[in-house]
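# Remarks on the overall topology
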Amino acid sequence: MVQPDWVEWHRDYDDPGSLLSRRGELVQGHLRAELERAPAGDVRLISLCAGQGRDVIGALTVHPRRDDVRARLVELDERNVALARQAARAAGLHRVEVLQADAGTTDAWSGAVPAQIVVAGGIFGNITGSDIQATVAALPSLCAPGALVLWTRHRVPPDLTPAIRSWFVEAGFREEAFDTSKDDFMSVGAHRLTGEPAPLTLGQRLFTFPGGS
């Protein structure tokens, strides 16, 4: 199976009519709203398989609480890492760290968790169902109490989103939103941890992303 060029893949963000652009708007909307709800002080954020960081950097650039956010964006593709670092610098987001690493391993999150916001966009549509279930089950180990997790997934038949939503509930999360595109092809979920966070276990693999994270 030929893997996408993950740099070229990001070009659809520049097309306001694309599904990727719409997905980005939905994720950024949830991010901005969560920052507005967050108590005063630092807000820890992590983004798995962050690509060029467009969702996070786009949401933070003009947000009044941008300097409160301490973020780690993890991405494996060195070209996307370079572009994300460049974008963060250009926006003056000095507390946004872009780490070149495998986001599918818990070692990538040492020192960055527990986080109040976890972004898992562009992952669940590219990994196996069993890896999705394992990742959802492990998310409490990345979360602070009451953390919000944002995730995305296409709805191509067989639609796995009902199962994913139930896995979140089983893992101790409450669904706060489930947004879909007009054609019902794309979805963005927002789940809040209502159960207890779990300790981070280093050396654990959560998922394997085709061609890297």
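Our subject is the structure listed above.
Attention here is on the structure that accompanies the text. A quick note: this is a predicted structure, and the numbers were derived from the prediction, not measured.

## Considerations on the pairing of strand β6 (residues 173-180)
Consecutive side chains along a regular strand alternate between the two faces of the sheet. Taken together, the 7 bridges between β6 and strand β7 (residues 186-193) define a ladder with antiparallel strand orientation. Paired with Glu 175 across the bridge in β7 is His 191. In sequence, β6 turns back onto β7 through a hairpin of 5 residues, with Asp 184 there showing a positive phi of about 65°.

## Section: the pairing of β7
Counting buried positions over the 8 residues of β7 gives 8, a clear majority of the element. Residue alternation in β7 divides its side chains into two sets, Met 186, Val 188, Ala 190 and Arg 192 and Ser 187, Gly 189, His 191 and Leu 193, and both sets are buried. Bridge analysis of strand β5 (residues 143-154) against β7 gives 7 bridges, and the strand direction is antiparallel. Bridge pairing in β7 places Arg 153 opposite Ser 187.

## Overview of the packing of aromatic side chains
To describe a pair of aromatic rings, one takes the distance between the centres and the angle between the planes. Taken as a whole, this structure holds 5 aromatic pairs when the rule is applied. Note on Trp 151 and Phe 168: the rings are 5.7 Å apart at their centroids and 15° apart in plane angle, and the pair reads as stacked. Linking Trp 151 in strand β5 with Phe 168 in helix α6 (residues 161-170), this pair joins segments that are 17 residues apart in sequence. Comparing Trp 151 with Phe 168, the two get one shared label, buried.

## Focus on the pattern of salt bridges
Scanning the model with the defined rule gives 17 salt bridges in all. For Asp 68, the salt bridge goes to Arg 65, with nearest N and O atoms at 2.9 Å. Classification of Arg 65 by relative accessible area gives buried; the value is 14%. For the salt bridge of Asp 77 with Arg 79, the shortest nitrogen-to-oxygen distance reads 2.8 Å.

## Some thoughts on the environment of Leu 139
Inspection of the secondary structure assignment puts Leu 139 in the loop between α5 (129-138) and β5. Leu 139 sits in the buried class, given a relative accessible area of 1%. Apart from the residues within four sequence positions on either side, Leu 139 is in contact with Val 118, Val 149, Phe 168 and Phe 173.

## Some remarks on the environment of Arg 95
For Arg 95, the location among the structural elements is in the loop between α4 (78-90) and β3 (96-100). A relative accessible area of 31% places Arg 95 in the partly exposed class. Expressed as a C-alpha distance, the spacing of Arg 95 and Asp 131, which sit 36 residues apart in the sequence, is 30 Å. When near neighbours in sequence (up to four residues on either side) are disregarded, Arg 95 contacts Asp 42, Asp 67, Asp 68, Val 69, Arg 70 and Ala 71. Only 3.0 Å separates the side chain of Arg 95 from the side chain of Asp 42, close enough to count as a polar contact.

Cut-offs and rules
Residues numbered from 1 in each chain as written. Predicted model: local features only at pLDDT ≥ 70, side-chain atom pairs only at ≥ 80, totals over all residues. Heavy atoms only, no water. Pairing = 2+ DSSP bridges. Helix = DSSP H or I, 4+ residues; strand = E, 2+ residues; numbered from the N terminus. Buried < 20%, exposed > 50% of the residue type's maximum accessible area, 1.4 Å probe, protein only. Phe/Tyr/Trp six-rings, centres within 6.5 Å; stacked < 30°, edge-to-face > 60°. Salt bridge = Lys/Arg side-chain N within 4 Å of Asp/Glu carboxyl O. Contact = heavy atoms within 4.5 Å. Polar contact = N/O pair within 3.5 Å; in protein donor to acceptor, adjacent residues only side chain to side chain.

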